[in-house]
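Summary of the model geometry
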Amino acid sequence: MVFILLALFALALRIVPILGGNFPFMFDGAKDSLVMLEMYLQHKPALVGPTTSISGLFYGPAWYYIALPFNILGGFHPLASVVGVLFLSLITLYVFYRYVGRFSAFLYAVSISVIASQQTAWTPYMTSFCTLPVFLLLKKLKSGKYANTWVLMGIAFFSSLMFHFEVAFAIVFLPLVIVLLFLSKMKMQLKQFVLMCVAFFITLAPSAMFELRHDFLQTRAVMNFVTRYREQSAIIQPNSDGPARIVEVARYFYDNIHLSTLPLANMALSVASVLLVLFFLYKNRKVYEYRVLLLILAGTFLLYLDLPIKPYYLVALTPLWIYLFSKAVESVIPKYKPHIVIAFLILSVGSMYGSWQNYRSLAQTDRILLAPKLKAIETAYAMSDGKPFSSYQFVPEIYDYTYQLLYLTENLKGKPLPTEFSYAPGEITYIPQKHVPANTQKPEFIILIVEKFDHKQFFDPWWDRVAKHLTILETVKINDAITVYKTKQVAK
């Protein structure tokens, strides 16, 4: 009953702010959903996932297979993938509750940074679902004793899944896991080693098939990155030099803790929690499980001093920070645990209200949420008066995957597709997942959905190309950042 109540509270903190479609829905999530829609309708299994920052290298496709059942049940509505994320979050909550403790589970339920990462379905955020299982399995290894085969296979399996969610973190995490396996001094049979390799490589089988079909494209991309490391890494994310780099990476680690939405309160709480954790680690430096955590955190920090890093890579470490903080409180200041629970209850409810207000505000002023995009699609259909129409969408990312998916999901519900829908007339090659029959109907109207541009030099050529020979009949402002135009071809 305690777990059920905690799970319901955790869901409320995550769901209430995004009610009404007020959650981020952008380029990456929409493209993932288009791939899953193709997998379902065309019976075409995906062999790779989204593209990485390295040209020619892809994530693995695991997220597609995890989220596909939720999307089928949810009619490929963008919320379906978020429901998949919430399902995984409840599993992780249970793992905390069952194998760590109630207090750590509570902290996971109310963590502001965790909640923010689970209100969307962005693939890199899924790394946080892998680090906790790997750590809990690593700490089961005993020096001088034979390891449990299932434990070893679990470590290999979840470490492999990292390559499906965030390759840039996986290439840091995997070497640390290998080092920890050696440092554990556990015994391993040859059969166990083979099964461990099988568990690791089985998730990478689709990528291997892709390599064979595409002349080892990813292998060549990795080799190009390695041989031209300095040049290529600077393209992904330029590093600061010398001591400034240490400060830069330390700031990313600090920002990942994020305990309050109020700047001063966040600084005070974060600094206090870091000092508490460091004191606790020093006191328990000879305890195996804390040496494991220290090596993961310190090793990640040291490796990223040279490797390119982006702040969202460190979302993977959040469950480990929560584990450490919960153990530190219970060991160093146990009498203050009830006070901390009350404080975080108040902070989490306040944060939920603040997020709800913020998302409602963004729905009126910005273009990043689903709700205004859905309203733009509904407006397009209403403007057409049931007659054939074409629709062209300008988005700052150029490729309008968001609107492509929304039109296709409306079609699944029975609405007719526009005669053409793209970011510009005749542009179809950027969406190989579309698979819609050619429409020979002549459109009565042309709808333009225009999102607020960041750079005028990109918008002006698009407008000149798409709207030059159109007469605007009606204009509807969806919010401050999205406008829908009903237009008609100028008679020649």
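Figured I'd write up the structure that's included with this text. (Residues numbered from 1 in each chain as written. Predicted model: local features only at pLDDT ≥ 70, side-chain atom pairs only at ≥ 80, totals over all residues. Heavy atoms only, no water.)

**Things to note about the pattern of salt bridges**
Scanning the model with the defined rule gives 15 salt bridges in all. Arg228 is paired through a salt bridge with Glu231; the nearest N and O atoms lie 2.5 Å apart. The exposure class of Arg228 is partly exposed, given its relative accessible area of 35%. On the basis of relative accessible area, Glu231 is assigned to the partly exposed category, the value being 43%. Close ionic contact of Glu397 with Arg367 constitutes a salt bridge, the shortest N to O distance being 2.8 Å. (Salt bridge = Lys/Arg side-chain N within 4 Å of Asp/Glu carboxyl O. Buried < 20%, exposed > 50% of the residue type's maximum accessible area, 1.4 Å probe, protein only.)

**Description of the packing of aromatic side chains**
All chains considered together, the criterion is met by 37 aromatic pairs. Between Tyr381 and Phe389, the aromatic rings sit 5.5 Å apart at their centres with planes inclined by 85°, giving edge-to-face as the arrangement. An aromatic cluster of at least three residues, connected via ring pairs, comprises Phe394, Phe453, Phe459, Trp462, Trp463 and Tyr485. Seen from the ring of Tyr108, Arg14 lies directly overhead, with NZ or CZ sitting 5.9 Å from the centre. The ring centre of Tyr99 lies 5.0 Å from the NZ or CZ of Arg98, which sits over that ring. (Phe/Tyr/Trp six-rings, centres within 6.5 Å; stacked < 30°, edge-to-face > 60°. Lys NZ or Arg CZ within 6 Å of the ring centre and 35° of its normal.)

**Here we look at the sheet that holds strand S5 (residues 482-489)**
Taken together, five strands build an open sheet; the order of strands is S2-S1-S3-S5-S4 and the sheet is mixed. For this open sheet the edge positions go to strand S2 (421-422) and strand S4 (470-477), each flanked by a neighbour on one side alone. As judged from the six bridges shared by strand S1 (residues 389-394) and strand S3 (residues 445-451), these two strands associate in the parallel manner. Each bridged residue has a counterpart across the sheet, and for Tyr392 the counterpart in S3 is Leu448. (Pairing = 2+ DSSP bridges. Helix = DSSP H or I, 4+ residues; strand = E, 2+ residues; numbered from the N terminus.)

**Some points on unusual backbone geometry**
Located in the positive-phi region is Phe76, a residue other than glycine, with phi close to 60°. Within the element layout of this structure, Phe76 appears in the loop between helix H3 (62-73) and helix H4 (78-99). Residue Phe76 is classed as buried on the basis of its relative accessible area, which comes to 1%.

**Notes on the nonpolar core**
Counting 153 residues, the largest nonpolar core has Trp63 and Ile155 as the members making the most contacts within it. Of the residues forming this core, the biggest block, ten residues, is contributed by helix H9 (residues 167-183). Apart from the residues lying within four places of it in its own chain, the contact partners of Trp63 are Asp32, Met36, Ser81, Gly84, Val85, Leu88, Ala121, Thr123, Met126 and Phe165. (Core = buried A, V, L, I, M, F, W, Y, C linked by side-chain atoms within 4.5 Å. Contact = heavy atoms within 4.5 Å.)

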